Amino acid sequence: MEDNKTIISDLKGLINILNDGKEGYESASETTESIELQGLFLKYSAQRAAFADDLKAHLEQHGGESENETGGILGALHRTWIDIKQALTSKEDLAILNAIETGEKAAIEKFDQTLDDPATHADHIELLQRQRTGIREALSEIETYRHRLENISE
């Protein structure tokens, strides 16, 4: 029974961070003027929503439910930080990309903590690994865009 409580708690934490990412990407897409970045951000927002839905199905299998559809307190703080940073800098897209990198690294860290307990999460370990890989790939793409923008502005 203790394992089931851990599973529910861990999955809720991952769903929260995925919803934070979804909301963060939506905010970023509304903030940037770059059509290219808007498309990228909306793609990853949709990906995070799909990831969260997949985890909600597993959460329900373990008797839990997610009441969070819009992210946790850290997500709200992260989105606020994006807004503040964006307002204070003339390199808006760079600030947004840096903030997204921070969020994605936090998501990967949360997934890694959960993946460190493979026995508890055996029935959905492959799903967690696949989602972590998707987040890592998104982070790589965001980093590439940031490097490209940094080179343009130098």
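Please refer to the structure placed before this passage.
Everything numeric here is computed off the predicted structure, so don't read it as measured data.

Calculation notes
Residues numbered from 1 in each chain as written. Predicted model: local features only at pLDDT ≥ 70, side-chain atom pairs only at ≥ 80, totals over all residues. Heavy atoms only, no water. Phe/Tyr/Trp six-rings, centres within 6.5 Å; stacked < 30°, edge-to-face > 60°. Helix = DSSP H or I, 4+ residues; strand = E, 2+ residues; numbered from the N terminus. Buried < 20%, exposed > 50% of the residue type's maximum accessible area, 1.4 Å probe, protein only. Salt bridge = Lys/Arg side-chain N within 4 Å of Asp/Glu carboxyl O. Axes fitted to C-alpha atoms, helices over the stretch in contact; angles between N-to-C directions. Parallel < 35°, antiparallel > 145°, perpendicular 65-115°, else oblique. Left-handed = near helix turned anticlockwise from the far one by under 90°. Contact = heavy atoms within 4.5 Å. Nonpolar A, V, L, I, M, F, W, Y, C, P; charged D, E, K, R; others polar. Core = buried A, V, L, I, M, F, W, Y, C linked by side-chain atoms within 4.5 Å.

### Some words on the packing of aromatic side chains
Part 1 of the reasoning: This model, assessed by the stated rule, comprises two aromatic pairs.
Part 2 of the reasoning: Between the aromatic rings of tyrosine 25 and tyrosine 44, the centroid separation amounts to 5.6 Å while the plane-to-plane angle is 40 degrees, which identifies the pairing as tilted. Taken together, the residues span a long stretch of sequence, with tyrosine 25 in helix α1 (residues 2-31) and tyrosine 44 in helix α2 (residues 35-61) at a distance of 19 residues. Pair check on accessibility: tyrosine 25 and tyrosine 44 agree, each one buried.
Part 3 of the reasoning: Clustering of aromatic rings is evident, with ring pairs tying together Tyr25, Phe41 and Tyr44.

### Re the pattern of salt bridges
Part 1 of the reasoning: With the rule as written, the count across this model stands at nine salt bridges.
Part 2 of the reasoning: Among the ionic pairs, arginine 132 bridges to aspartate 112, the shortest N-O distance being 2.5 Å. Taken together, the positions of arginine 132 in helix α5 (residues 125-153) and aspartate 112 in helix α4 (residues 92-115) put the pair 20 residues apart, joining distant regions of the chain.
Part 3 of the reasoning: Residue classification places arginine 132 among the partly exposed positions, given a relative accessible area of 23%.
Part 4 of the reasoning: Salt bridges sharing common partners tie together Glu101, Arg146 and Glu150.

### Quick word on the packing of α2 against α4
Part 1 of the reasoning: Running from N to C, α2 and α4 point in directions that differ by 20 degrees, and their axes come no closer than 13 Å. When the axes of α2 and α4 are compared, the pair comes out roughly parallel. Where α2 crosses over α4, the two elements pack in a sense that is left-handed. Contacts between α2 and α4 pair Leu37, Phe41 and Arg48 from the former with Asp93, Ile96, Leu97, Ile100 and Glu104 from the latter.
Part 2 of the reasoning: Across the contact of α2 with α4, the residue classes break down as five nonpolar, no polar and three charged.

### Considerations on the nonpolar core
Part 1 of the reasoning: Ranked by internal contacts, the top residues of the largest apolar core, which has 20 residues, are Leu11, Leu18, Leu55, Phe111, Leu128 and Ile135.
Part 2 of the reasoning: Where this core is concerned, the elements lending two or more residues are α1, α2, α4 and α5.
Part 3 of the reasoning: At seven residues, α1 tops the list of elements feeding residues into this core.
Part 4 of the reasoning: For leucine 128, the contacting residues outside a window of four places in its chain are Leu11, Leu14, Leu55, Phe111, Thr114, Leu115 and His121.
Part 5 of the reasoning: The next biggest cluster of nonpolar side chains, apart from the first, holds 12 residues, and it includes Tyr25, Leu40, Phe41 and Tyr44.

### Looking at the environment of alanine 49
Part 1 of the reasoning: Mapped onto the elements of the fold, alanine 49 is located in helix α2.
Part 2 of the reasoning: The spatial distance from the C-alpha of alanine 49 to the C-alpha of leucine 18 is 7.0 Å, given a sequence separation of 31 residues.

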